[in-house]
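The chain contents come next:
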Amino acid sequence: MSQEELTQEMLSYFHNWDPTLMKIVQKKKSIHNWPLFEVEPLEKWASDSGKFILIGDAAHAMVPYLSMGVTMAVEDAATLCKALSYVTNKRDLKPALKLVEKLRVARTKKVQAASLANGRVLHLCDGPEQEARDAAMRPSVDGALLEQSPYGMSDRATQDWCYGHDVERDVEEAWAKLGRSQRIHASGLPEAKLC
Ligand SMILES: Cc1cc2nc3c(=O)[nH]c(=O)nc-3n(C[C@H](O)[C@H](O)[C@H](O)COP(=O)(O)OP(=O)(O)OC[C@H]3O[C@@H](n4cnc5c(N)ncnc54)[C@H](O)[C@@H]3O)c2cc1C
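Just so we're clear, the structure is a prediction, and the values are computed from it rather than from any experiment.

Basis of the calculations
- Residues numbered from 1 in each chain as written.
- Predicted model: local features only at pLDDT ≥ 70, side-chain atom pairs only at ≥ 80, totals over all residues.
- Helix = DSSP H or I, 4+ residues; strand = E, 2+ residues; numbered from the N terminus.
- Rg over C-alpha atoms; globule rule 2.2 N^0.38 Å.
- Buried ≥ 20, exposed ≤ 12 C-beta atoms within 10 Å, placed from the backbone.
- Contact = placed C-beta atoms within 7 Å.
- pLDDT = per-residue confidence, 0-100.
- Near = placed C-beta within 6 Å.
- Core = buried A, V, L, I, M, F, W, Y, C linked by C-beta atoms within 7 Å.
- UniProt positions renumbered as here; feature names shortened; annotations may be inferred.

(A) Representation of the overall build of the protein in the model. In terms of regular secondary structure, the protein is built from nine helices and zero strands. For the protein, the sequential pattern of α-helices and β-strands runs α-α-α-α-α-α-α-α-α. On C-alpha atoms alone, the protein measures out to a radius of gyration of 23 Å, which is more than a quarter above the 16 Å that the 2.2 N^0.38 rule sets for 195 residues. Counting only C-alpha atoms and orienting by the principal axes, one finds that the protein spans roughly 75 × 45 × 25 Å. Considering the protein as a whole, with its 195 residues, one finds that 22% of them fall into the buried category. When contacts within the protein are restricted to residue pairs at least 6 apart in sequence, long-range pairs at least 24 apart make up 61% of them.

Encoded structure:
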């Protein structure tokens, strides 16, 4: 799109806003169109060899409406670090990566979906849905901590599941459940060959 087309598009979005905003748009030097993309949830992050795993945006880039992109990358790294701390021999490596994959696919899928849903709520057109959203959120503007809010970012439920998640405990519990025989089975290596 040309700069002129981008300017016209932007002005069309803001045509009924405060005239000051329109003047700012018209005075701009250039406009950048910055689309937001997400990676469709991937089911497989770990290679069959058990020596490689994808983490961060490459595995789960998401829209920014929960500000959780980098947090998910850090959680991935912490999960991997914790899982690797249990690896004491070759046979444990592949099951450890598979376990990271299982835990992180579920967690990041949920956050991606919630972030997308938050974006929809933020961008409602004027009308009954937008009015219901605003009414439900009004107490939080006055400082109240809501149990649940249509814009899940500041409410207690979201703070618990989204921002208060303990990834190390996830690994501790999952590793404890993964018995020795399951680890050997998942490693794909016969027991006699292991060192
Ligand atoms: C404008 C903006 C605002 C954001 N705000 C927030 C926020 O408020 N909160 C939040 O949690 N997240 C935010 N994010 C998302 C966050 O930045 C990403 O989720 C995070 O950076 C992902 O980290 P990553 O290490 O997986 O990937 P990246 O940060 O993309 O790192 C990948 C690195 O790999 C390098 N690379 C790529 N290809 C190759 C190659 N072939 N060889 C060698 N190196 C290569 C790249 O140069 C880059 O340095 C924001 C993103 C943007 C764009």
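Read on, since the account is not over.
(B) Just the confidence of the model for the protein, in detail. A residue-level look at the protein finds 92% of positions with pLDDT of 70 or above and a mean pLDDT of 88. The least confident element of the protein, judged by mean pLDDT, is helix α9 (residues 180–187) at 65; the most confident is helix α4 (residues 69–84) at 97.

(C) Local environment of the site of the ligand. The immediate surroundings of the ligand are formed by Gly56, Asp57, Pro64, Ser67, Met68, Gly69, Val70, Thr71 and Ala73. In terms of residue count, α4 provides more of the shell around the ligand than any other element does, four residues in total.

(D) Looking closely at the environment of Leu36. Here Leu36 is to be found in the loop between α2 (19–27) and α3 (57–60). Apart from the residues within four sequence positions on either side, Leu36 is in contact with Val63 and Pro64.

(E) Expanded view of the nonpolar core. If you look at the biggest cluster of nonpolar residues, it comprises 13 residues, and the most contacted ones within it are Ala83, Ala96, Leu99 and Val100. Those elements giving two or more residues to this core turn out to be α4, α5 (90–122) and α8 (167–177). Ignoring anything within four residues of it in the chain, the contact list for Ala96 reads Ala83, Leu84, Tyr86 and Val87.

(F) Local environment of the UniProt feature "domain: FAD-binding" (unreviewed entry) in the protein. This chain's UniProt record puts "domain: FAD-binding" (unreviewed entry) on residues 49–91. The span residues 49–91 is 51% helix and 0% strand, and its two end C-alpha atoms sit 12 Å from each other.

(G) How the structure looks around the environment of Leu80. Within the secondary structure, Leu80 is located in helix α4. A residue is classified by how many C-beta atoms lie within 10 Å of it, and Leu80, with 21 of them, is buried. Residues Leu80 and Val171 lie 91 residues apart in sequence; the distance between their C-alpha atoms is 8.8 Å. The contacts of Leu80, once residues within four sequence positions are left out, are Ile53, Ile55 and Val100.

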